[in-house]
Amino acid sequence: TLVRASDSGPSAVVDPWGRVVARSAPLARELILAEIAPGPGGSLYARIGDLFGALCALAVVLRLASSRGRRDATT
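This section reports on the structure supplied with the text. The model shown is predicted, which means the values in this text are computed figures rather than measured ones. (Residues numbered from 1 in each chain as written. Predicted model: local features only at pLDDT ≥ 70, side-chain atom pairs only at ≥ 80, totals over all residues. Heavy atoms only, no water.)

**Quick notes on the overall build of the protein**
Then, number 1: When its secondary structure is counted, the protein shows two helices and three strands.
Then, number 2: Along the protein, helices and strands appear, N-terminal first, in the series β-β-β-α-α.
Then, number 3: Taken along its principal axes, the extent of the C-alpha atoms in the protein is 70 × 30 × 15 Å.
Then, number 4: For the protein, with 75 residues in total, the buried portion stands at 11%.
Then, number 5: Relative to all contacts within the protein whose residues are 6 or more apart in sequence, the contacts with residues 24 or more apart total 6%.
Then, number 6: Accessible area for the protein stands at about 6,500 Å²; split by element, carbon and sulfur atoms hold 62% of it. (Helix = DSSP H or I, 4+ residues; strand = E, 2+ residues; numbered from the N terminus. Buried < 20%, exposed > 50% of the residue type's maximum accessible area, 1.4 Å probe, protein only. Contact = heavy atoms within 4.5 Å. Areas by Shrake-Rupley, 256 points an atom, 1.4 Å probe, with all protein chains shown as cover.)

Structural data, given as structure tokens:
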């Protein structure tokens with residue numbers, strides 16, 4: 001479920017299939033109500049945590065180590 005709150009355009013609630021469940025008029029001060037249920041499995045971050053950041057850091061370290069090894073071999 002996507003909830004879009006805006007002070008300059010329409011606010012809306014969109015379900016996981018892309019259907020607009022509730023919408024406000026553009027530039028209007030309105031209250032919209034919609035039922036929101038959490039999806040199964042949680043977000044990607046909830047499932048893998050900081051693994052992506054750790055893998056990126058590891059890739060940088062490996063790249064730096066390989067470039068240093070090549071530079072030492074050519075001198």
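**Examining the sheet that holds strand 1 (residues 2-4)**
Then, number 1: Here we have three strands laid out as an open sheet, ordered 1-2-3, and antiparallel in their pairing. Bordering the open sheet on either side are strand 1 and strand 3 (20-23), each of which pairs with just one other strand. If you compare each strand with its neighbour and ignore which way they point, the axes differ by 10° on average.
Then, number 2: Bridge analysis of strand 1 against strand 2 (residues 12-14) gives three bridges, and the strand direction is antiparallel. Looking across to strand 2, one finds that Val3 is bridged to Val13. (Pairing = 2+ DSSP bridges. Axes fitted to C-alpha atoms, helices over the stretch in contact; angles between N-to-C directions.)

**Thoughts on the pattern of salt bridges**
Then, number 1: Applying the stated criterion to the full structure yields one salt bridge.
Then, number 2: With a shortest N-O distance of 2.7 Å, Arg19 and Asp15 are connected by a salt bridge.
Then, number 3: Relative accessible area serves as the criterion here: at 14%, Asp15 is assigned to the buried category. (Salt bridge = Lys/Arg side-chain N within 4 Å of Asp/Glu carboxyl O.)

All quantities given are derived from atomic positions and should not be read as evidence of function.
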